[in-house]
Amino acid sequence: MTSPTPPSAASAAAESIHRSLSELTSYSSSDSFDSPRRFTAFASRLQFVLNHHHFLGSDSLPPALQTALKGIASDLSKSVETVSSYGQRSKVFVLINCKSLSSSLQQHSSAIAAWLALIESCLSDDLPDLRKKISDLSLDMKQSHFTVTENEERVHRTLQREGEGRKTSKAVQSAIILDLARCLGIDSDNYSELINQVKLLKTDLTNSTSVSARQILVSLETILDNWSVVPGMSTLTVDRDFEEEAHILPFKNFLCALTKEVMKEPVVLESSQTYERTAIEYWFERCLDDGREPTCPVTGQVLKSLELKPNISLAGAIEEWFNRNIEIQMKGAVEQLSKESVEVEGVEKVLDLVYNISEEHPSNRFGVRNFGVVVLIVKLLKNRSNSIGTVLRGKALMALLSMAKDEESKKIMLAEGITRLAIHSLIGSSEKERECAVKLLLEFSSDESYCTRIASEKGALLLLSSMAGNLEHPALANLAEEMLTRMEGAEDSVQHLAAAGRFEPLLSRLREGPDDVKIEMASITGRMTLTNNSKEQIARQCAQTLVELLSKPEGRTSSLQALNNLSGLDDNVTILVDCAVLPALVAILLQDEGASQEWKELAASIIANIVSNPGRWELASIDRKGNSMQSESVVFNLVRLLFVTSSQCQASILRVLYGMASSPQAAESVALHIQNSGDGIKTVIMFLEHPEVEHRNYAFKLTRLLAERFGHDIVQELKHSDKLSLFKEKLLDNESAESEKSDAACILANLPLSEDEVKTIMEASFVKWIVMTLKKQQRISNGRASRPTSSMAEGLLGLLLHFTRSLDQETISVVKEHQLMTIFCEQFSFPAKPRVRQLAAFGLKKLSEAGRLLAAADSEPPPPQGFCASLVFMCGRGSPEPSTCPIHNAPCENNSQLCLLKSNCIRPLVDLLHDEDTFVQIAAIEALSTLISDMSNGYKRAVDELEKQDVILSVIELFTEARPGVLQERALWMIERALRVDGPAHRYSLNQSLVRALVEAFKHGNANAKRHAQDALTNLKQISGVSGKASSQSRPRR
């Protein structure tokens, strides 16, 4: 079966032309757009020409003619798509694309005209009519212009600008709808048809990727939603049975065509249409911005003039209508606000009404005020704040804020107590309520006296300061900051602002103000209760000013009070010292005979605060001679002043002396000056029994420091004044403060008492009390060390050391009864000052030494003399009885209070070798040294026991790590003793760290260290290591 012959190219083009022309000529000419109607008219003429002349059917057309037919077919086919857009797409879509559609038709018309000219040139002269018709059609299509109308052009531009996502006012939106409806030939009141056109546009854009077109759709939908609002006045209907004519509806001509609201300032255009002034001005601005001529939105008339003439008669009619309605609505508002029970919905409508009237019709605020509505709203906040909730409170404040622009209303609010109500709303649960409260306060803050009034209200500044620092709500924070800034300008608000943490007004006046203002600000600073941060802030910025005020008698009291307040912060000491405050204070306290007692008391207090923080004041000069606080003259004068000054000043001077005596840099010289001041020690002791607690407290503290250096002088003075028993009585007095008791214990422990005095004071009952107190403190501390408990423990342990200094049978029985060795050892298990651990180790040392002496006294007769003695030393005695103690080589009871081994104290002492404090380590190693201090019978057993307890290894580790000094020397002594025994000597002969450390000690140590190191190296058979050549192989001792 043969396939059909395909049509020729000319036939296919002719068929396409006939099909396209049929579609174009069927286009409805009733369409409102001119461009497709004109193009289809050209299509009808072309179809007529082709239908009456059948030259297209020939297959033997010249090539040029065939090319022209193909071109016409292509352009007609494309023009069909363009023309169909006018008929099948929504009118709004066409308006959006009207320029591109017209441009497309223009392009196709020109192209077809050119193809027709080519056809005309190819025709023979025997077809004059055909040539004439084709030539005329080609010329007409070539000369045609497909453009959009002016109205279409304006609407097109407006829609394109909407596609940019610009925000438009309600007035502009209304004008856009009026323009669009006019262009579409739709009545602007025909809302349903407008909606239908937008729906059709939405369907057309279903597959569109144009962002601009979709933005236009969204904008039109929004505009039509707003346009759907029924025209009228936004009026309030409160819960009130109005009479028939109680509410008068506005006439239609009262409403603006653009805003659909009653006009406030009606103006007339040259088109005789009336609009709200602001609304039409917005429309004109939009037209000019879009690059189009301003038009009248209702008529579409292009305006030659933008003159806006006030419609005075209409404005008067509207004003009269509005006043009548305001009167009716205010009566309803008064009734609603006067009800006993709050109706939330009704009250909310009233508040919205008042706000709208006040904002939109300011001239009618007097009417709202005269009806008493302002008073009723304030009373609503005052009496029913909790019941109406935060939303209504916010609306009430917003209404009052608007009404506050009326001066008479503002006076009424102030008289009714709006200030306190607004401050109360600063803690409202909604941000809107808090914002309105701050704005209301701002409205009143133009008056300086009102700012002071707000500042004096309790909690106002604190709340505002908190808001200003809250970055979560920046708008509210800015309002609060603005309010605080205004208040800073009021002189009487400075103190209140400072109390709330706003110090800049006070600081600026203190730094830069005249003398009388500086004095006043200093007085405020002295009276205030300040936080540590505030004290530091003021000191850094104003300390120099306060010091300068000390030179002016009229400002001295205020300045001293301020400096006394600021010096209470430790961190301010450096600032004050650098500002040269000490010379002025010392002059007031010690040199100025005309200084009042108050000045002296304040100066002494400030100095006491300063010297209680060592490190800076010690280097400061107090006069032109370069004397310092710790100089002899100052200390002498302070001691002398104790006799002649007030009680309060005495307490401060004792604090000064104690602070200086506590300084590591000044302690020695200050203590010496007190001793050399004649009756210095006697004077201090005199205050130990002062009736005032503060005097006694610092007298005890100062005596404690003096006792560490001049214990003998203090003992003599105490004996002379018969007050030696004072400290024991203080310890046993349950009414005494813990700090005084701990100081009394430390003083008594540091005094060089004779044996008789120790026996007199340290009777058995007192020792029992000490032991019970130590145990009680351990229970109370529960793993936490406090300064008073550590000081008390230090003193009590020192007293026990007094007690163990000379052990007789009676003392030993007390030691065993109260298990003092265990008490000493237990101190290592609780956190405390290093001094406590050091004293406890000393206690163990004394008891261990006493045990060794007692064991030696009870042991066998002395060892044989002469030749046999050396054999005994080398070989040791025969094996002792199994029941004997390896340390004492004699029977020791379990838990013996004179044996470190039986009391389980060796391991705690070994652990103490790793303590961070060197003095504690020395005390521990001295206690352990008592275990091998006796070279008599049983020495080898003692060393072996220490090996088992890891004592030897721990001491070696300590020795290799310690720096040259007492600690290393004590460790070296113990190592040398241990290495006299063969076993340890053999085991540690290969310990190269030990050998190197011994060599270093031999080379660089003192005489004792060199001797012990040489003996140790000899015992290790490493003597060649002294010359720097350690033996290659150690041989065990035989």
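Residues numbered from 1 in each chain as written. Predicted model: local features only at pLDDT ≥ 70, side-chain atom pairs only at ≥ 80, totals over all residues. Heavy atoms only, no water.

Under an unreviewed UniProt entry, the chain has the name RING-type E3 ubiquitin transferase and belongs to Hibiscus trionum. Comment text from UniProt for the chain, heading Catalytic activity (unreviewed entry), reads "S-ubiquitinyl-[E2 ubiquitin-conjugating enzyme]-L-cysteine + [acceptor protein]-L-lysine = [E2 ubiquitin-conjugating enzyme]-L-cysteine + N(6)-ubiquitinyl-[acceptor protein]-L-lysine." According to its UniProt record, the chain has this under Pathway (unreviewed entry): "Protein modification; protein ubiquitination." (UniProt positions renumbered as here; feature names shortened; annotations may be inferred.)

Peer 1: Looking at this structure, I do not really get empty space enclosed by the protein. What am I missing?
Peer 2: Which parts of space are left empty comes out when a probe the size of a water molecule is rolled across the atoms. Summed over all chains, the structure comprises 5 cavities of 30 Å³ or more. Size it by volume and the second largest cavity reaches roughly 60 Å³. Forming the boundary of the second largest cavity are F33, D34, S35, P36, Y86, V94, C98, S102, T147, V148, T149 and E152. Take the lining of the second largest cavity: its biggest share by element is 3 residues, from helix α2 (residues 34-52). Tallied by class, the residues present in the lining of the second largest cavity amount to 6 nonpolar, 4 polar and 2 charged. (1 Å grid on protein atoms, 1.4 Å probe; cavity = no way out; pocket = protein on both sides within 12 Å on 5 of 7 lines; lining within 4 Å. Points joined across faces, edges and corners; volume = space filled by probe spheres on them. Helix = DSSP H or I, 4+ residues; strand = E, 2+ residues; numbered from the N terminus. Nonpolar A, V, L, I, M, F, W, Y, C, P; charged D, E, K, R; others polar.)

Peer 1: What exactly am I supposed to notice about the environment of K458 here?
Peer 2: Looking at the secondary structure, you find K458 in the loop between α20 (448-456) and α21 (460-468). With 133 residues separating them along the chain, K458 and Q591 place their C-alpha atoms 45 Å apart.

Peer 1: So what exactly am I meant to see when it comes to the packing of aromatic side chains here?
Peer 2: Each pair of aromatic rings is reported with the distance of its centres and the angle of its planes. In the structure shown here, the tally under the stated rule is 10 aromatic pairs. Considering the side-chain rings of F251 and F254, the 5.3 Å spacing of their centres and the 85 degrees angle between planes classify their relative orientation as edge-to-face. Ring centres 5.8 Å apart and planes at 10 degrees place the aromatic pair F766 and W769 in the stacked group. Of this pair, F766 and W769 are both found in helix α39 (residues 764-781), 3 residues apart, which corresponds to roughly one turn of the helix. Relative accessible area serves as the criterion here: at 1%, F766 is assigned to the buried category. According to the relative accessible area criterion, W769 is partly exposed, its value standing at 22%. Site record: aromatic cluster; members linked through ring pairs are F251, F254, W321 and F322. A cation over a ring is seen here: R38 above F146, with NZ or CZ 5.0 Å from the ring centre. (Phe/Tyr/Trp six-rings, centres within 6.5 Å; stacked < 30°, edge-to-face > 60°. Buried < 20%, exposed > 50% of the residue type's maximum accessible area, 1.4 Å probe, protein only. Lys NZ or Arg CZ within 6 Å of the ring centre and 35° of its normal.)

Peer 1: For this particular structure, what's the right way to read the sheet that holds strand β3 (residues 309-310)?
Peer 2: By definition, the strands of a sheet pair up through backbone hydrogen bonds, in either a parallel or an antiparallel sense. Taken in spatial order, the 3 strands make up an open sheet running β2-β1-β3, and their pairing is antiparallel. Of all the strands in the sheet, the pair left with one neighbour each is β2 (274-276) and β3. For strand β1 (residues 266-268) and β3, the ladder comprises 2 bridges, and the chain directions are antiparallel. Note that in β3 the partner of V268 across the bridge is K309. Taken strand by strand, helix α11 (residues 277-290) contacts β1, β2 and β3, and its axis lies near 95 degrees from that of β2. (Pairing = 2+ DSSP bridges. Contact = heavy atoms within 4.5 Å. Axes fitted to C-alpha atoms, helices over the stretch in contact; angles between N-to-C directions.)

Peer 1: Before we go on, may I ask you to explain the packing of helix α1 (residues 9-25) against helix α3 (residues 63-88) in this structure?
Peer 2: Between two packed helices, both the angle of their axes relative to each other and the distance between the axes serve to describe the pair. Here α1 crosses α3 at 30 degrees, and the two axes come no closer than 8 Å. When the axes of α1 and α3 are compared, the pair comes out roughly parallel. Of the two possible hands of crossing, α1 and α3 adopt the one that is left-handed. The residues of α3 that touch α1, namely those facing A9, A10, A13, S16, I17, S20, L21, E23 and L24, are Q66, L69, K70, I72, A73, L76, S77, S79, V80 and V83. (Parallel < 35°, antiparallel > 145°, perpendicular 65-115°, else oblique. Left-handed = near helix turned anticlockwise from the far one by under 90°.)

Peer 1: Looking at this structure, how should I read the UniProt feature "domain: U-box" (unreviewed entry) in the chain?
Peer 2: Summarizing the sequence annotation, UniProt attributes the feature "domain: U-box" (unreviewed entry) to residues 249-328 in the numbering used throughout. Structurally, residues 249-328 is divided into 39% helix and 10% strand, and its ends, taken at the C-alpha atoms, are 12 Å apart.

Peer 1: It is not clear to me how the nonpolar core should be interpreted in this structure. Could you clarify?
Peer 2: Soluble globular proteins: nonpolar side chains tend toward being buried together. Judged by nonpolar contacts, the single largest core of 180 residues is most densely connected at L582, M629, L657, M660 and L751. When residues of this core are assigned to their parent elements, the largest contribution, 11 residues, is made by helix α35 (residues 693-720). Those residues in contact with M629 that lie beyond four places of it in its chain are L582, V586, I607, V611, W617, A620, I622, V634, V635, V656 and M660. (Core = buried A, V, L, I, M, F, W, Y, C linked by side-chain atoms within 4.5 Å.)

Peer 1: Would you mind going over a negative patch on the surface with me for this structure?
Peer 2: Among the surface-exposed residues, D447, E448, D492, D516 and E520 lie close enough to one another that they form a single negatively charged patch. Relative to the assigned elements, E520 resides in helix α25 (residues 515-527). (Patch = residues over 30% accessible without salt bridge, like charges linked within 9 Å, V, L, I, M, F, W, Y side chains within 5 Å. Areas by Shrake-Rupley, 256 points an atom, 1.4 Å probe, with all protein chains shown as cover. Salt bridge = Lys/Arg side-chain N within 4 Å of Asp/Glu carboxyl O. Lys, Arg positive; Asp, Glu negative; His and termini not counted. Charge placed at Lys NZ, Arg CZ, Asp CG, Glu CD.)

Peer 1: It is not clear to me how unusual backbone geometry should be interpreted in this structure. Could you clarify?
Peer 2: Apart from glycine, the bulk of residues carry a negative phi angle, and the bulk of peptide bonds sit in the trans form. Positive phi, normally seen in glycine, also occurs at S272, with a value near 70 degrees. Position of S272 relative to the elements: it lies in the loop between β1 and β2. Relative accessible area serves as the criterion here: at 59%, S272 is assigned to the exposed category. For A580, which is not glycine, the phi dihedral falls at a positive 60 degrees. Overall, the relative accessible area of 41% leaves A580 in the partly exposed class.

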